[in-house]
Amino acid sequence: QETDMGKLAVISDLHVDINHFSATDLQLIAELLDANQATHLHLAGDIANKETAAMTVIDFFQRQLPTTFHWGNHEMADLSESLIETYPDPAFLNFQTVALSEKTLLLGVNGWYDYGYSDLQSTEEILRLKHLFWYDRMIQRTGTDPEISHQINERLRQTLRGLPQDKEVIVTTHFVPKATFIVKQTGKYVRWNHLNAFLGSPEFGAVIDEADNVRQVVFGHTHRRFEDQVIGQTIYSCRPLGYYYEWQLTRRFVLENQLTENFQPTKLRGLLRTNQAAFNQYKAAHLRAELQQAITWINY
């Protein structure tokens, strides 16, 4: 039974495998949660690429404090369709709630995308890009992405209507629910706008707008962190951790050491390998601050 005064921590996009997280790194997160007096942790997807790795992380944190989770697209590539939506673990929140306090419910929803944020009109072209570039080409699901997304959004509408209206609801999801968090690129990066198709669903946010008691929505997936935004009467929080080569600390390391003239995160991996020892040292000194910025803290 959780007390009436507590603090929820939400972490999205840990990517423990891609980020080469060790037990020491996980312990650092645990210490950070403890230092900030977190009483409940929710992992909002993309914990790892493999189900077993994700469950190991969840198990680690559950030994420290109450921990719940839902999936992001990275775990989905390792799961059958039935396990994506109904995973047999009591800590799995997908259209399930947990009472954080007398007045506050945490509702988890994996979410999905419907191409609503893309600047492309052609579904054929969107699917061509998905099969060419996007991790999700490995996910096996029945139905088109817009169909799956619409079903999820409709289920969200019914779920929110079915919750007690005198409770405050915190919704956590993986994918982007509002266009405010979609970055439009210009110049030579303009083709990245096509891939916004796979970031989320504006309809998800529209369903949230209909509910009077959703206090906050927390999500990730963008690998870009934003200031909180209040839209309608709901706070939206997006501060995923993302890949190590996208971190602020990595950017500072590269610029401080003048390792490149042309800073492009996706081109940094080789550069960091060449300077691995120095980078590891720098990371050890600054990872705590990076993690602190990538956690959403909510008092309840």
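One structure accompanies this document, and this report is about it. A quick note: this is a predicted structure, and the numbers were derived from the prediction, not measured.

On to unusual backbone geometry, then. Note on backbone geometry: most residues besides glycine have negative phi, and most peptide bonds are trans. One non-glycine residue with positive phi stands out, namely histidine 15, at about 45°. Tracing the sequence through the fold places histidine 15 in the loop between strand S1 (7-11) and helix H1 (23-35). Take histidine 15: its relative accessible area is 0%, and that puts it in the buried class. Despite not being glycine, aspartate 46 has its phi angle at roughly 55°, a positive value. When you line up the elements, aspartate 46 lands in the loop between strand S2 (40-44) and helix H2 (51-62).

To continue, consider the nonpolar core. In this structure, Leu14, Leu43, Phe61, Phe69 and Leu160 are the most contacted members of the largest nonpolar core, which totals 87 residues. If near-sequence neighbours (up to four positions away) are discounted, leucine 43 is found in contact with Ile11, Leu14, Val57, Ile58, Phe61, Thr67, Thr68, Phe69 and His70. By size, the runner-up hydrophobic cluster in this structure holds 10 residues, among which are Ala44, Leu100, Ile170 and Val218.

What follows is about helix H6 (residues 145-162). Spanning 18 residues, H6 covers 26 Å between terminal C-alpha atoms, matching the ideal 26 Å at 1.5 Å per step. Residues of H6 that are buried include every one of Asp145, Ile148, Ser149, Ile152, Asn153, Leu156, Arg157, Thr159 and Leu160, and no others. In this fold, the buried residues of H6 make contact with helix H4 (81-85), strand S5 (104-109), helix H5 (123-133), strand S6 (168-173), helix H7 (202-210) and strand S7 (214-219).

This paragraph deals with the pairing of strand S9 (residues 234-238). Along S9, four of the five residues are buried, which leaves the element largely enclosed by surrounding structure. As judged from the four bridges shared by S7 and S9, these two strands associate in the parallel manner. Residue pairing for S9: valine 217 is matched across the bridge by tyrosine 236.

Empty space within the largest pocket amounts to approximately 1,600 Å³. The wall of the largest pocket is formed by 42 residues, among which Trp192, Thr222, His223, Glu246 and Thr266 lie closest to the centre. Across the lining of the largest pocket, the residue classes tally to 17 nonpolar, 14 polar and 11 charged. Each pocket or cavity is described by its volume, and for the second largest pocket that value is around 220 Å³. Considering the residues around the second largest pocket, the lining is formed by 16 residues, among which Tyr115, Leu127, Lys130, Gly143 and Asp145 are closest to the centre. Looking at the lining of the second largest pocket element by element, the count peaks at four residues for H5.

About the cut-offs
- Residues numbered from 1 in each chain as written.
- Predicted model: local features only at pLDDT ≥ 70, side-chain atom pairs only at ≥ 80, totals over all residues.
- Heavy atoms only, no water.
- Helix = DSSP H or I, 4+ residues; strand = E, 2+ residues; numbered from the N terminus.
- Buried < 20%, exposed > 50% of the residue type's maximum accessible area, 1.4 Å probe, protein only.
- Core = buried A, V, L, I, M, F, W, Y, C linked by side-chain atoms within 4.5 Å.
- Contact = heavy atoms within 4.5 Å.
- Expected span 1.5 Å × (residues − 1).
- Pairing = 2+ DSSP bridges.
- 1 Å grid on protein atoms, 1.4 Å probe; cavity = no way out; pocket = protein on both sides within 12 Å on 5 of 7 lines; lining within 4 Å.
- Points joined across faces, edges and corners; volume = space filled by probe spheres on them.
- Nonpolar A, V, L, I, M, F, W, Y, C, P; charged D, E, K, R; others polar.

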